[in-house]
Amino acid sequence: MPDTKLNSIVGDDKILFTGPEWDFEKLRVVYDAIEDIAINEMGLDVYPNQIEVITSEQMLDAYASVGLPLMYRHWSFGKHFAREETLYRRGYQGLAYEIVINSSPCISYIMEENSMAMQTLVTAHAAFGHNHFFKNNFLFRQWTDAGGILDYLTFARDFVAHAEESYGADEVERTLDAAHALMSHGVHRYTRRPKLNLFEEQQREQDRRQFAEENFDDIWRTAQLAQATASIDEKAAEREIAAIRQKLGLPEENILYFLEKRAPRLAPWQRELVRITRHISQYFYPQKQTKMMNEGCATFVHYEIIHRLHEKGLISDGTLLEIMHSHTSVVSQPEFDDQRYNGINPYALGFAMMNDIKRICLNPTQEDRDWFPDFAGNGDAYGTLRYAWANFRDESFVLQYLSPRVMRDFRMFKMIDDAEADAIVIDAIHEERGYKEIRRSLARQYDLSRHEPDIQVRDVDLAGDRCLVLSHTVHDGILLDEGSARAVLENLSQLWHYGIRLEEVDVTTDRVLKTHEVSARH
Amino acid sequence: MNIIDRRPNPKGKSLANRQRFIERAKKEVKDAITDALKKRKLGDVDGGEKVSIPTRGISEPVFRTSSRGGKREQVLPGNKKFISGDQIERPSGGGGGGGRGEASAEDGGEQDAFEFMLSKEEFLDLLFEDLELPNLTKTKLKVSETMQLTRAGYAHEGTPANFSIRRTMRNSMARRISLHRPSPSEIEAMEQELKALEESGDTEGAAKLRLELETAVMRTKRFAYIDPVDVRYNRFDRIPKPNTQAVMFCLMDVSGSMTEAMKDLAKRFFLLLHVFLVRRYKTVDLVFIRHTSNAQEVDEETFFHSRETGGTIVSTALEEMMKVVQARYSPDNWNIYAAQASDGDNYSEDSDRCSQLLGGELLPLTQYFAYIEVGAEATLRHGFPSPPTDLWRTYATIAPQHENFAMRKVADPSQIYPVFHDLFSKDRADA
């Protein structure tokens, strides 16, 4: 190794490994060194780690089943696999160095093709960075049950396999297709959900099978009721219907939940399938909301740890350079007019913001003191970051912590593209009067509820033909994409069986801008 | 912390999902394959195939916002010259201009073609999905001569060569345990203990132990270590194995009248047949026979690429084939397939000889004989078919009497697969 001379200053003997080859002993030694820094110096708090070495083919497999170690069978995973494989084989796309799963123990997959330097990076990144974030961020703590997910996935896989045997693969596929189409509308956004309990899940599923039909005839009952009362007293009937609507839990933002509980003509096993997709969607919901923070946290942690390892003389200069090479490409941010530009790189922004928080804590300027009086110069960078990691999501993190310095470094600007206007307007740039506006706007960009269309179950035509009424709350006049909306509604009608109407309602004027309709299926 | 090596775990966890995906997109994939076949050389059939199918049947729709209209704001990195209040002309392509770029790029919903690789097996399975070799039943009945030794459990008697040590010792051990036969180590232990007792002077204990020891020794003598009832031999059965070897004869007219285009058509057909046979049989031999006014067996390169001059006497090729069959490919051991390609020219005096050779001698020996007449495109394209050629007329008289004989005309590469499909479609095989 050419770098040994440099290292001799701090003493060769401490270096944990040389050369690109890795083996299990080296992994263990490096892990221990990293753990020492992560726990004792940075104060991270992690789930027990389980590191699994896999081949590139297995990595492709893992990709295709949305990164989960177990998954039920569905053609769409095969489709993703086919695409990833094609891209990979033709060299358009490299594979991720790791996949990490929010479970306890926290499983990190690392690839056998990685060099020892990369394994070091990946261990710091996944096994400590992501792991700490999973364990401490409030969204993950509230919404997902790291201890139960693997058991639940096993249950889901077996249930789907069993349903396929009993009711035919085609039927199951149709139901899953429909449920998948609504997956992003299958999460509870505001209320807290109880933790998954495998035994209860199985028990509940059995009960459901036993008392299947009796429990779900609310809609039938109300229809008759409404007709009966309508003839006597219209006002009373209206009250009655309003009461029943409340009982049905309308309006309901979790469409899959509503279908599972209320769809009149679903077989019990179909309800269970809907429930399974809903749970999986819910499991991923925190990840969607914290993508930038999560990656930023992991990147910041590996950056700190690698530098500490180097300072302590535990890794060679060559290793450091190899890791930094990879690090740099991960956090690169192409500019908006670059061909490679594909949105703001979550790794880049997350890492930049967290690095900047560290700078503000340790070495603030007057500007920083003005903007962040509560932690500028407090000297406790890791503590401040741990607090941020635990209590924010992407949107609120940007709103709270994006500093003028980072905006200047990224040379951010805000543009407004109004279809009614003739030209695009540059509304704010990285300057004194633009900072606040850019920060506010970027935070909104990370707000999932603005990112994904806001669609709710508003009503069921109880007295009439049981038509399901959905409403899309339109912000800034941006409507749904017609073709995909229609396709989703077709899928939805597989589950609902009666007519469906989707109204797009403007948020400020309450005017219905557009209506999509699908008629009942027989 | 735990490090687990998962590499030995089975890969191909997604295989089942992949099959489902292909099943779902089957129609599109098949269309794509047929398209691909028209375009490319069949010599490449051995590899996989990149197919591109429309996303219609395999889209995964989700609600998403339209990329047009409305008022959008966006924060972008990399400002160079803009200042607040600047107005920029909207890039052509309408509102948005990459607005909400992330959202629309992620779901890929706007792509109209989905591209992926099919493996060789998947490709061939789909290609030949509804095709079946004709007369396969007959093949099985007729050619099942080869015998193979297969394990068939154990026997009490047998030759020493088949002695099964493992099974014998298992029986022996079971018997020894159940009869409480003392093991040598137990006896040894007792002897040592006895010695120790004697040395310590405990005569009473020694006498008792000696008695026990004697009983034990007697038991070991009474119950043999290996008894004849333990002995087992491996047993083998001879079972008939269906013959899984085939030979494919390629016969082609290489006289001057055959153009390169015609040869190319013939080649495509031969290759298709070859690939098809390879899927069915463990080994497929290829024999290339070319002929002008005389025939010879040649290697593949010469067969397709060298050109000969001379007249055309088809019977010479059939004779040559007969000779090769008699010399090397006994119909008892081989499934014989033949494909003949010609432009239909033949020396008119030769017709009788041809029908006699083919109908009388060759067809009874072969599983299948396909005759492909490759025509110049012009003769078939104009709607007025040219009068049947000499060879066509000759063969047409034989065809009705022989189920294993088929004849077709091909004028264009795109017809090759349909013709092939037609010849080997399952319905036909059942008939």
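Nothing here was measured: the structure is a model prediction, and the numbers come from that model.

Conventions we followed
Residues numbered from 1 in each chain as written. Chains lettered and ligands numbered in written order. Predicted model: local features only at pLDDT ≥ 70, side-chain atom pairs only at ≥ 80, totals over all residues. Heavy atoms only, no water. Helix = DSSP H or I, 4+ residues; strand = E, 2+ residues; numbered from the N terminus. Buried < 20%, exposed > 50% of the residue type's maximum accessible area, 1.4 Å probe, protein only. Contact = heavy atoms within 4.5 Å. Areas by Shrake-Rupley, 256 points an atom, 1.4 Å probe, with all protein chains shown as cover. Pairing = 2+ DSSP bridges. Axes fitted to C-alpha atoms, helices over the stretch in contact; angles between N-to-C directions. Phe/Tyr/Trp six-rings, centres within 6.5 Å; stacked < 30°, edge-to-face > 60°. Buried area = accessible area lost by both parts, 1.4 Å probe. Salt bridge = Lys/Arg side-chain N within 4 Å of Asp/Glu carboxyl O. Expected span 1.5 Å × (residues − 1). Parallel < 35°, antiparallel > 145°, perpendicular 65-115°, else oblique. Left-handed = near helix turned anticlockwise from the far one by under 90°. Nonpolar A, V, L, I, M, F, W, Y, C, P; charged D, E, K, R; others polar. Patch = residues over 30% accessible without salt bridge, like charges linked within 9 Å, V, L, I, M, F, W, Y side chains within 5 Å. Lys, Arg positive; Asp, Glu negative; His and termini not counted. Charge placed at Lys NZ, Arg CZ, Asp CG, Glu CD. 1 Å grid on protein atoms, 1.4 Å probe; cavity = no way out; pocket = protein on both sides within 12 Å on 5 of 7 lines; lining within 4 Å. Points joined across faces, edges and corners; volume = space filled by probe spheres on them. pLDDT = per-residue confidence, 0-100. Core = buried A, V, L, I, M, F, W, Y, C linked by side-chain atoms within 4.5 Å. Domains from an automatic or database assignment.

**Observations concerning the overall build of chain B**
For step 1, the next point in the chain: Assigned secondary structure in chain B consists of 16 helices and 13 strands.
For step 2, the next point in the chain: Split into buried and exposed, the 431 residues of chain B put 42% on the buried side.
For step 3, the next point in the chain: Contacts in chain B between residues at least 24 apart in sequence constitute 82% of all its contacts with a sequence separation of at least 6.
For step 4, the next point in the chain: When the accessible area of chain B is evaluated, it comes to approximately 23,100 Å², of which 51% is carbon and sulfur surface.

**Some points on the overall build of chain A**
For step 1, the next point in the chain: A count of helices and strands for chain A gives 23 helices and 9 strands.
For step 2, the next point in the chain: A sequence separation of at least 24 residues applies to 73% of the contacts in chain A between residues at least 6 apart.
For step 3, the next point in the chain: In the structure as shown, chain A presents an accessible area of about 22,000 Å², 48% of it carried by carbon and sulfur atoms.

**Digging into the sheet that holds strand S9 (residues 283–291) of chain B**
All names here are of chain B.
For step 1, the next point in the chain: One open sheet holds the 6 strands; their spatial order is S10-S9-S8-S11-S12-S13, and the pairing between them is mixed. A strand with exactly one partner marks an edge of an open sheet, and here the two such strands are strand S10 (295–298) and strand S13 (405–410). The average undirected angle you get between the axes of adjacent strands in this sheet is 20°.
For step 2, the next point in the chain: Judged from the 6 bridges that link them, strand S12 (residues 368–374) and S13 form a sheet pairing that is parallel. Residue Val374 lies in a different strand from S13, and its bridge partner there is Val410.
For step 3, the next point in the chain: Helix H9 (residues 260–280) rests against strand S8 (245–253), S9, strand S11 (335–342), S12 and S13 of the sheet, and its axis sits at about 175° to S8.
For step 4, the next point in the chain: In this fold helix H15 (residues 413–424) packs onto S12 and S13, with an angle of close to 160° to the strand it touches most, S13.

**A word on the packing of aromatic side chains**
One pair of aromatic rings is described through two measures. These are the centre distance and the angle between the planes.
For step 1, the next point in the chain: Scanning the entire structure with this criterion turns up 28 aromatic pairs over all chains.
For step 2, the next point in the chain: Plain terms: the ring middles of A:Trp22 and A:Phe24 are 5.4 Å apart, the flat faces sit at 85° to each other, and that makes the pair edge-to-face.
For step 3, the next point in the chain: Using a relative accessible area of 14% as the deciding quantity, one classes A:Trp22 as buried.
For step 4, the next point in the chain: Overall, the relative accessible area of 30% leaves A:Phe24 in the partly exposed class.
For step 5, the next point in the chain: Measuring from centroid to centroid gives 5.9 Å for B:Phe163 and B:Tyr233, while their planes differ by 65°, and the two rings are edge-to-face.

**As for the interface of chain A and chain B**
For step 1, the next point in the chain: Across the contact, 92 residues belong to chain A and 61 residues belong to chain B.
For step 2, the next point in the chain: Buried area between chain A and chain B, both sides added, is near 7,400 Å², and the carbon and sulfur share of it is 55%.
For step 3, the next point in the chain: Three residues, A:Trp75, A:Asp417 and A:Ile478, lead the burial of chain A against chain B; their summed loss comes to 9% of the area buried on that side.
For step 4, the next point in the chain: Inspection of the region where chain A meets chain B yields 12 salt bridges.
For step 5, the next point in the chain: When the shortest N-O distance is used, the salt bridge between B:Glu73 and A:Arg444 registers 3.9 Å.

**Here's the deal with helix H15 (residues 317–330) of chain A**
For step 1, the next point in the chain: Taking 1.5 Å per residue as the helical rise, H15(A) with its 14 residues ought to reach 20 Å, and the 20 Å between its terminal C-alpha atoms agrees with that figure.
For step 2, the next point in the chain: Among the residues of H15(A), those classed as buried are A:Asp317, A:Thr319, A:Leu320, A:Ile323, A:Met324, A:Ser326 and A:His327.

**Notes on the packing of helix H12 (residues 255–262) of chain A against helix H13 (residues 268–289) of chain A**
Two packed helices can be described by the angle between their axes and the distance between those axes.
All names here are of chain A.
For step 1, the next point in the chain: Between H12 and H13, the shortest axis-to-axis distance is 9 Å and the interhelical angle comes to 160°. Our classification of the angle between H12 and H13 gives roughly antiparallel. The hand of the H12/H13 crossing is left-handed. Taking contact as the criterion, the partners of Leu256, Tyr257, Leu259, Glu260, Lys261 and Arg262 in H12 are, on H13, Arg271, Val274, Arg275, Thr277 and Arg278.
For step 2, the next point in the chain: Here the residues of the contact of H12 with H13 are counted per class, giving 4 nonpolar, 1 polar and 6 charged.

**A look at unusual backbone geometry**
All names here are of chain A.
For step 1, the next point in the chain: With an omega of 0°, the peptide bond running from Ser104 to Pro105 counts as cis.
For step 2, the next point in the chain: Turning to its location among the elements, Pro105 is positioned in the loop between strand S2 (98–101) and strand S3 (106–111).
For step 3, the next point in the chain: Unlike most non-glycine residues, His497 shows phi in positive territory, near 75°.
For step 4, the next point in the chain: Mapping His497 onto the fold places it in the loop between helix H23 (482–496) and strand S8 (500–506).

**Some remarks on a negative patch on the surface**
For step 1, the next point in the chain: Side chains of A:Asp23, A:Glu25, A:Asp32 and A:Glu35 sit close together on the surface and give a patch of like negative charge.
For step 2, the next point in the chain: Relative to the helices and strands, A:Glu25 is located in helix H2 (residues 24–41).

**Some remarks on the side chain of B:Arg290**
Residues and elements named next belong to chain B.
For step 1, the next point in the chain: Inspection of the secondary structure assignment puts Arg290 in strand S9.
For step 2, the next point in the chain: Looking at Arg290, the relative accessible area reads 8%, which means it is buried.
For step 3, the next point in the chain: Residues within four places of Arg290 in sequence aside, it is in contact with Met252, Val254, Ala295, Gln296, Val298, Thr302, Phe303, Ser306 and Glu308.

**Section: the sheet that holds strand S1 (residues 49–54) of chain A**
For step 1, the next point in the chain: A sheet is described by the order of its strands in space; here 4 strands give the open sequence S2(A)-S3(A)-S1(A)-S1(B), paired in mixed fashion. Strands at the two margins of the open sheet, each flanked by one partner only, are S2 of chain A together with strand S1 (2–5) of chain B. Averaged over all neighbouring strand pairs, the angle between strand axes comes to 20°, with direction disregarded.
For step 2, the next point in the chain: Pairing between S1(A) and S3(A): 6 bridges, direction parallel. Considered in S3(A), the bridge of A:Ile51 is made with A:Ser108.

**Things to note about empty space enclosed by the protein**
Residues and elements named next belong to chain B.
For step 1, the next point in the chain: All chains considered together, the criterion is met by 2 cavities of 30 Å³ or more.
For step 2, the next point in the chain: Here the largest cavity is characterised by a volume of approximately 50 Å³.
For step 3, the next point in the chain: Considering the residues around the largest cavity, the lining is formed by Met248, Cys250, Phe270, Leu271, His274, Leu286, Phe288, Glu300 and Phe304.
For step 4, the next point in the chain: Of all elements in the fold, only S8, H9, S9 and helix H10 (300–305) reach the threshold of two or more residues within the lining of the largest cavity.
For step 5, the next point in the chain: Residue classes in the lining of the largest cavity are distributed as 7 nonpolar, 1 polar and 1 charged.

**Considering the side chain of B:Asp343**
For step 1, the next point in the chain: Looking at where B:Asp343 falls in the secondary structure, it is placed in the loop between S11 and helix H12 (351–365).
For step 2, the next point in the chain: Non-local contacts of B:Asp343, meaning those with residues more than four positions away in its chain, are made with B:Asp253, B:Ser257, B:Met258, B:Met262, B:Glu373, B:Val374 and B:Thr389.

**Description of the confidence of the model for chain A**
For step 1, the next point in the chain: Mean pLDDT over chain A works out to 84, with 87% of the residues at or above the 70 mark.
For step 2, the next point in the chain: Contacts for the low-pLDDT stretch residues 1–10 of chain A, under 50 throughout, to residues beyond four places or in other chains number 13 contacts.

**Quick word on the environment of B:Glu122**
Residue and element names in this part refer to chain B.
For step 1, the next point in the chain: Structurally, Glu122 is set in helix H4 (residues 120–127).
For step 2, the next point in the chain: Sequence separation between Glu122 and Ile22 is 100 residues, and the spatial gap between their C-alpha atoms is 8.9 Å.
For step 3, the next point in the chain: Filtering out sequence-adjacent residues up to four positions away, Glu122 remains in contact with Arg18, Ile22 and Met117.

**A closer look at the nonpolar core**
For step 1, the next point in the chain: Core analysis: the biggest nonpolar cluster contains 89 residues, and A:Leu349, A:Trp389 and A:Phe397 have the highest contact counts within it.
For step 2, the next point in the chain: Broken down by element, the residue count for this core peaks at 11 residues, all from helix H5 (residues 116–136) of chain A.
For step 3, the next point in the chain: In this structure, this core is formed jointly by two domains, domain 1 (4–137 + 290–322) and domain 2 (336–379 + 394–445) of chain A, each of which donates at least three residues.
For step 4, the next point in the chain: Apart from the residues within four sequence positions on either side, A:Trp389 is in contact with A:Leu44, A:His132, A:Phe133, A:Asn137, A:Met293, A:Cys297, A:Phe300, A:Val301 and A:Met354.
For step 5, the next point in the chain: Counting residues in hydrophobic clusters, the runner-up holds 55 residues, among them B:Phe270, B:Leu272, B:Phe303 and B:Tyr417.

**Comments concerning the confidence of the model for chain B**
All names here are of chain B.
For step 1, the next point in the chain: Taken as a whole, chain B shows an average pLDDT of 77; of its residues, 81% reach a score of 70 or greater.
For step 2, the next point in the chain: Ranking the elements of chain B by mean pLDDT puts helix H3 (residues 101–107) last with 36 and helix H6 (residues 165–178) first with 92.
For step 3, the next point in the chain: Contacts from residues 93–111, a stretch scored under 50 in pLDDT, to residues over four places away or in other chains number 30 contacts.
For step 4, the next point in the chain: Note on residues 136–144: pLDDT is under 50 here. Beyond four places in sequence and across chains, it has 17 contacts.

**As for the environment of B:Ala216**
For step 1, the next point in the chain: Residue position: B:Ala216 is located in helix H8 (residues 203–222).
For step 2, the next point in the chain: Sequence-distant contacts of B:Ala216, defined by excluding residues within four places in its chain, comprise B:Pro182, B:Ile187 and B:Met190.

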